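Structural overview for review
So you can see what is in the structure, the chains are spelled out below.
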Amino acid sequence: MNAHLPKVAPSVTAQLVAALTPRLRKRLDAGVAKVAARPVAREGDLVRIALDDDTDLELHAPDGVVTHAEGIRCGCLLAPDCLHRAAVASAAPVADPTAPPATAPSATDLQEPGPPTRPSAPPETATPAQRTASAALHDAAAAVLEAGTDGAGAVLQAELLRAAHTARLAGLPRAAGRAVAVVTALRAARGGDPDYRLTDLTAALRDVLVLAHRLPDATGPELAELRGSVRQPYSPDGSLRLYGVFAEPVLSATGYAGAVTWTADAAGRLYTVSDVAPGGAERATGAADRAVRLGDTALTHRELSRAGLAVSGATVSPAGRLGAGAGVRAVRASGVEWDAEPLDRLWAVPVPEQISRALRDDREGREAREDRDLLFLDVTLVGTVREAAGECLVADCGGVRLRLAAAHDHPALPHRENLRLLASVPGARLRVVARLTPGPLPRATLLAVSHPTEPGRRVDLGLDHLRRADLPTVPPRQAQPSHQPSHEPSPQPPPPHSTPPHDPPPTIDDAPVHLLRRRVMQAVSGGRRVLAFPGDRAAEVARLRRYGLGTAGELLAELHTTAADRARDPFGRLLPADTGRFVRAWLGAAVYTESLDRALCAAAWGADLTANPTSDLAADLTANPTADLSGPDEPAPRAAVR
């Protein structure tokens, strides 16, 4: 994916790829690589690519988006049926099909739009067009899973984009958005994008298949939730007195960047003010010093995170975003410290209650508020632990050993460097804002902290740069020996970048869900053929059963069996694989793993996680992993997670 190219609508890419001959389709991936390597020149809404000394490729992108196939023109002799037009469309970022740029991005990496405000009538069912679109999404996503990232080239991506366009026209914006997220992640994977995460691709692919499975038979409010909405409506909210909490940069894999400032009202309800638009790292680092677009205030995002606002005529979306309409008035007001009212009440909420809120599945009939996964914690730094993705802080949070990771690894953002400096002061007591990372171990990404040495100040870790001078000159454990835990033999702090030997964090082997999770992710990365390689899987299945995870063992065995199951015709030739059966096994394993991770996460924090429809789906799939996902589910006993 070439970030210098304008965005291209999914329907345009699908149309241009579909028009290619079979011979040109085989050459499409090579054409994408060639076009992506050519220099790009921009003149207003016109983007020009020089294919050679005599041939130019032009993209007409009003407002930065190519919305029609005629907007891509090529000067070669084979145009308009040439390979170049389809190749440049496949190399360009995918335009968001669900919302315009002004409202699509959010601080949580552009998650799918929230539920519509008008509930559906209980008798309402999916239309024939929506059923057809769901089937197309299922088939296109199944083909991607069958091929894996290495095999899911431009042709398969175009088929999924075509299915996304069909879903949007059928009134399924949520499914369309998740399908586009799959294509974006595929292109990042194949292009070697450092921001690519296999977990993101796996989650997006799982969501598309779950939606395709549930939509045809959903009714009433459930159907409305599954369909989603194109835009989040803003409703009047009167006058608000807001207090800045923190600000964070936004730098998404979908090409959006900027800053979001979080504020709270007197009751502790959170609201966001955002400035997010198409752009890269430079926009993410510079947006914090731009004036917020709300009323006549001249406050920047950095200033607002520490000050306050008095707003009249406020409008608010269901996600908590403040609107910036013509009738909104806002003036600067005083802010408060984190340990003063009303902000102190954010930290007064018991941690298990915060975890329950964060793990609540907003996709199942609840408001899609962006603050649902924020945690407000009081912690004591303990040390560091090294993981595959880098080092993360280890902190004690009310007796829970918590891992705190950097929120973003981009070198232009100071998250990682600030984390390294905080690691050098074990024993420091901090008030922090973090975003929960669901998993078997308590972990979160660190967003903001109270200043280590200056009471009343706070540090936005994605925008501010900590210095050595900001750290205590005397290690906290030496300065306050009376607070040493009784089991420590001496007041000397552990060396930086180490985990205290007396209390190491628990390992993932305590609950070996990773045995199933890694096979789920291997299938996404390498396709069905990776799981079909010969080998003895009985040891992994037996280990899962020893830990009481019998359902996980059955799913793992079924996943390998369906991957390797290839029949032969009377002449000994391999017949096509049963893709449907493999996809059913993979989806059961993926949904089960997600649900079990959430349950283990809640248990690790001592939180209560109530059942939701996604858990019901997991139980159904795990109890009957070979059930037909294209029709109504048969009643099945709920699988117990032992």
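A few points on the structure.

**Description of the overall build of the protein**
On a plain count of helices and strands, the protein comes out with 21 helices and 17 strands. Within the protein, the fraction of its 642 residues that count as buried is 54%. For the protein, the accessible area works out to roughly 27200 Å², and carbon and sulfur atoms hold 53% of it.

**Things to note about the pairing of strand β16 (residues 443-450)**
For β16, a buried count of eight out of eight residues is recorded, marking the element as mostly surrounded by other parts of the structure. Of the pairings in the sheet, the one linking strand β15 (residues 429-436) to β16 comprises five bridges and is antiparallel in character. Paired with Ala434 across the strands is Leu446, a residue of β16. Between β15 and β16, which pair antiparallel and follow one another directly, the connecting turn spans six residues. With three bridges connecting them, β16 and strand β17 (residues 458-460) associate as antiparallel partners. Bridging across to β17, Ala448 finds its partner in Asp460.

**Digging into the sheet that holds strand β9 (residues 270-278)**
Taken together, the five strands give an open sheet; going across it, the order is β9-β8-β7-β10-β11, and neighbouring strands pair in antiparallel fashion. A strand with exactly one partner marks an edge of an open sheet, and here the two such strands are β9 and β11 (329-333). Going across the sheet, the axis of each strand differs from the next one's by a mean of 35°, ignoring polarity. Inspection of the sheet shows strand β7 (residues 235-251) paired to strand β8 (residues 256-264) by eight bridges, in the antiparallel sense.

**Focus: the sheet that holds strand β4 (residues 56-60)**
Taken together, the four strands give an open sheet; going across it, the order is β2-β3-β4-β6, and neighbouring strands pair in antiparallel fashion. Strands with a single pairing partner mark the edges of an open sheet, and in this sheet they are β2 (40-43) and β6 (72-74). The mean angle between the axes of side-by-side strands here comes to 20°, regardless of whether they run parallel or antiparallel. Pairing between strand β3 (residues 46-50) and β4: five bridges, direction antiparallel. Opposite Leu46, over in β4, you have His60 as the bridge partner. Seen against the sheet, helix α4 (residues 83-91) touches β3, β4 and β6 and runs at an angle of roughly 140° to β6.

**Quick notes on helix α6 (residues 154-169)**
Note: α-helices contain 3.6 residues per turn, so residues at a spacing of three or four share the same orientation. The end-to-end C-alpha distance of α6, which contains 16 residues, comes to 22 Å, matching closely the 22 Å that a straight helix rising 1.5 Å per residue would cover. Gly171, located one to two residues past α6, shows a positive phi value of around 85°.

**Some remarks on the pairing of β2**
In this structure, β2 lies alongside β3, joined through four bridges in antiparallel fashion. Residue Ala41 lies in a different strand from β3, and its bridge partner there is Arg48. The hairpin formed by β2 and β3 contains two residues between the paired strands, and Gly44 there has a positive phi angle of roughly 65°.

**As for the nonpolar core**
Within the largest apolar cluster, 61 residues are counted, with the highest numbers of intra-cluster contacts made by Leu137, Leu145, Leu160, Val182, Leu205 and Trp586. Of all the elements, helix α20 (residues 579-605) adds the most residues to this core, at 10 residues. Leu145 has contacts with Leu205, Ala523, Val524, Gly527, Arg528, Phe582, Val583 and Trp586, leaving out every residue within four places of it along the chain. Counting residues in each nonpolar core, the second largest holds 35 residues, with Val432, Ala434, Leu446 and Leu466 among its members.

**Overview of the environment of Pro442**
Among the structural elements, Pro442 can be located in the loop between β15 and β16. Between the alpha carbons of Pro442 and Arg403 there is a distance of 6.4 Å; along the sequence they are 39 residues apart. Among all residues touching Pro442, those that are not within four sequence positions of it are Val400, Arg401, Leu402, Arg403, Ala604 and Trp605.

Rules and cut-offs
- Residues numbered from 1 in each chain as written.
- Predicted model: local features only at pLDDT ≥ 70, side-chain atom pairs only at ≥ 80, totals over all residues.
- Heavy atoms only, no water.
- Helix = DSSP H or I, 4+ residues; strand = E, 2+ residues; numbered from the N terminus.
- Buried < 20%, exposed > 50% of the residue type's maximum accessible area, 1.4 Å probe, protein only.
- Areas by Shrake-Rupley, 256 points an atom, 1.4 Å probe, with all protein chains shown as cover.
- Pairing = 2+ DSSP bridges.
- Axes fitted to C-alpha atoms, helices over the stretch in contact; angles between N-to-C directions.
- Contact = heavy atoms within 4.5 Å.
- Expected span 1.5 Å × (residues − 1).
- Core = buried A, V, L, I, M, F, W, Y, C linked by side-chain atoms within 4.5 Å.

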